[in-house]
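Structural overview for review
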Amino acid sequence: MRVTPKIDYTGVFAALPSPCLVLGTDLVIADANPAFCEVTGRSRAELVGQYLFDSFPDNPADPGAAGVTTLKASLHRVLSSGQTDHMALQKYDIPIAGNPEAFKERWWTAINVPVLGPDGKVAWIIHRSEDMTDVVRARRTAHLPSVRPGREAAMEAELYARARQLQQLNEELRQAHARERHIAVALQETMLHSPDLARHPNIAVRYLPATGSLNVCGDWYDAVDLPADRFTVAVGDVVGHGLPAATVMGRLRSALSAATRAVHGPAQALEVLGLYARSVEGALATTAVQVLVDCHSQLLIYSSAGHPPPVLLHPDRSCELLDQATDPPLGARPEHVPRPQANATYAPGDTLILYTDGLIERRGEDIDVGLTRLTSTLATCTEFGAEHLADALLARLGLASGANDDIALVVVRLERTTRPY
């Protein structure tokens, strides 16, 4: 009988000539091979256990920097689809070792490969990259790069191979109902676009459609800037999935955004939304919650229409449920009744979390169990920034690859002045 040799996978990983990382589903670095350490000027000890985008942020001196956004989008595609994602050539500068305020120009291609666990969900991501900086600079100056013999040829072959892979993937996408998916994704992105979010670096948002759906569902998030150093954040959940739910969601989200700018406080905004929902087919039983953040007085003003309570996470790991202003879902009452509103104070360093029920609900389980699981998980994330916390929360709840229901998530890192101006 033939004996299968035992493979030293740790040794294999260390010997790979291409720079590679192993990432958890929370995008924390689990391992880095010597090639990656060499090309980035970091030691393995400096990298392991760090959130990827804390170690490699965008270059603040480059106004067009999009490395973080592009790579993060690729990694989230892997988490949601369970499929390998090939990245085209991109500029992604990296901090200089020992001087994190200074950056050096770098160009990369990358492949992000999922490693599936026994349950078929993504357990790890292999991030394999190639440093193409010398090739890009050589093309600029029209002379050969000063690289090791044979390295230029390897880089050229890598670029060619990646171009062929991307071409093949694009063709496959075009043949696999590309038109329908493109319309669906474009619709969802358009309806969830919030210009005010770009002015809030301390706010992170996530949207995960229900597993197996066409990427469009009825959950939404939004942020609205208001005068006097105030802003609102909101999430909502329309019953159902697919394009019908997404269409209703778009109408309700726009109506709430408009009402927020015209009335005083979340309760009145939800009152207006409830009245409007009665005239929208498919809108009844929609839930929503809105929180107004007053940065000057460090006050949270909130109201809920049948929605799970937002959570205020404190640095001491305690959690406060904002559940003192809960009313039935939109359109549930036959007659108009003013909605309740409540206040809570916050301190700099607190974190506000809004979410839809897909984050906490499990079939056959009481919702209180889900809320306890949520607050217990949040207690392990007190030191994280908004983006890191959003990824870590989904990963630690086992939802980085999606769930049976849609999930919308908003994380707000609260400071004395949360807005950057």
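To be clear, the structure that these remarks concern was listed above.
Presented here is an overview of the structure given in this document. (Residues numbered from 1 in each chain as written. Predicted model: local features only at pLDDT ≥ 70, side-chain atom pairs only at ≥ 80, totals over all residues. Heavy atoms only, no water.)

**Brief notes about the overall build of the chain**
Looking only at helices and strands, the chain features 12 helices and 18 strands. For the chain, the proportion of its 421 residues judged to be buried stands at 50%. In the chain, the proportion of contacts linking residues at least 24 apart, taken out of those at least 6 apart, comes to 63%. Summing over all exposed atoms, the chain offers an accessible surface of approximately 20200 Å²; the carbon and sulfur share of this is 55%. (Helix = DSSP H or I, 4+ residues; strand = E, 2+ residues; numbered from the N terminus. Buried < 20%, exposed > 50% of the residue type's maximum accessible area, 1.4 Å probe, protein only. Contact = heavy atoms within 4.5 Å. Areas by Shrake-Rupley, 256 points an atom, 1.4 Å probe, with all protein chains shown as cover.)

**Quick word on the state of the cysteines**
Enumeration over the complete set of coordinates arrives at zero disulfides. Here cysteine 381 stays free of any disulfide, with the sulfur of cysteine 319 as its closest cysteine sulfur at 9.5 Å. Cysteine 381 sits in the buried class, given a relative accessible area of 0%. (Disulfide = S-S within 2.5 Å.)

**Some remarks on the pairing of strand β18 (residues 407–413)**
The buried fraction of β18 amounts to seven of the seven residues, a majority that puts the element mostly inside the structure. Along β18, one buried face is formed by Ile407, Leu409, Val411 and Arg413 and the opposite face, lined by Ala408, Val410 and Val412, is buried too. Pairing analysis gives six bridges linking strand β8 (residues 203–208) to β18, with the strands arranged antiparallel. Paired with leucine 208 across the two strands is isoleucine 407, which belongs to β18. Alignment of strand β17 (residues 351–355) against β18, held across five bridges, turns out to be antiparallel. Opposite leucine 352, over in β18, you have valine 412 as the bridge partner. (Pairing = 2+ DSSP bridges.)

**Details of a nonpolar patch on the surface**
Taken together, the side chains of Ile7, Tyr9, Val12 and Leu16 define a hydrophobic patch exposed on the protein surface, amounting to about 390 Å² of accessible area. Topologically, tyrosine 9 is positioned in helix α1 (residues 9–15). (Patch = residues over 30% accessible without salt bridge, like charges linked within 9 Å, V, L, I, M, F, W, Y side chains within 5 Å. Salt bridge = Lys/Arg side-chain N within 4 Å of Asp/Glu carboxyl O.)

**Overview of the packing of helix α11 (residues 367–378) against helix α12 (residues 386–396)**
Running from N to C, α11 and α12 cross one another at 130°; their axes reach a closest spacing of 10 Å. Compared by their axis directions, α11 and α12 come out oblique. In this structure, α11 crosses over α12, and the sense of that crossing is right-handed. Taken together, the residues of α12 that come into contact with α11 (itself represented by Leu374, Thr377 and Leu378) are Leu389, Leu393 and Arg396. Counted by class, the contact of α11 with α12 contains four nonpolar, one polar and one charged residues. (Axes fitted to C-alpha atoms, helices over the stretch in contact; angles between N-to-C directions. Parallel < 35°, antiparallel > 145°, perpendicular 65-115°, else oblique. Left-handed = near helix turned anticlockwise from the far one by under 90°. Nonpolar A, V, L, I, M, F, W, Y, C, P; charged D, E, K, R; others polar.)

**Thoughts on the sheet that holds strand β7 (residues 122–131)**
Pairing is antiparallel in the open sheet, where five strands are placed in the order β2-β1-β7-β6-β3. With one partner strand each, in any of the chains shown, β2 (29–32) and β3 (85–91) form the two edges of the open sheet. Taken over all neighbouring pairs, the strand axes of this sheet differ in orientation by 20° on average, direction set aside. Relative to β7, strand β1 (residues 20–24) runs antiparallel, the two sharing five bridges. What sits directly across from glycine 24, in β7, is tryptophan 124.

**Comments concerning the pattern of salt bridges**
In the structure shown here, the tally under the stated rule is 16 salt bridges. The salt bridge partner of lysine 91 is aspartate 93, with a shortest N-O separation of 2.8 Å. The shortest N-O distance in the salt bridge between arginine 128 and glutamate 130 comes to 3.8 Å. The structure contains a network of salt bridges with shared partners spanning Lys72, Arg206, Glu387 and Asp391.

**Some words on the packing of helix α9 (residues 242–262) against helix α10 (residues 266–277)**
Where α9 contacts α10, the two axes come as close as 9 Å, and the packing angle between them is 140°. Handedness of the α9/α10 crossing: right-handed. Packed against α9, whose contacting residues are Arg251, Leu252, Ala255, Leu256, Ala259 and Thr260, the element α10 presents Ala269, Leu270, Val272, Leu273, Tyr276 and Ala277 at the interface. When grouped by side-chain class, the residues that make up the contact of α9 with α10 number 10 nonpolar, one polar and one charged.

**What to know about the nonpolar core**
The biggest cluster of nonpolar side chains holds 48 residues, and the ones touching the most others in it are Val233, Leu252, Val293, Leu300 and Leu352. Among the elements that take part in this core, α9 stands out by supplying seven residues, more than any other. When residues no more than four places from it in sequence are discounted, the contact partners of leucine 300 are Val291, Leu292, Val293, Leu312, Leu322, Ala342, Asn343, Ala344, Tyr346, Leu352 and Leu414. Ranked by size, the runner-up nonpolar core spans 26 residues in total, among them Leu23, Ile29, Val68 and Tyr92. (Core = buried A, V, L, I, M, F, W, Y, C linked by side-chain atoms within 4.5 Å.)

By themselves, these figures tell us nothing about what the structure is for.
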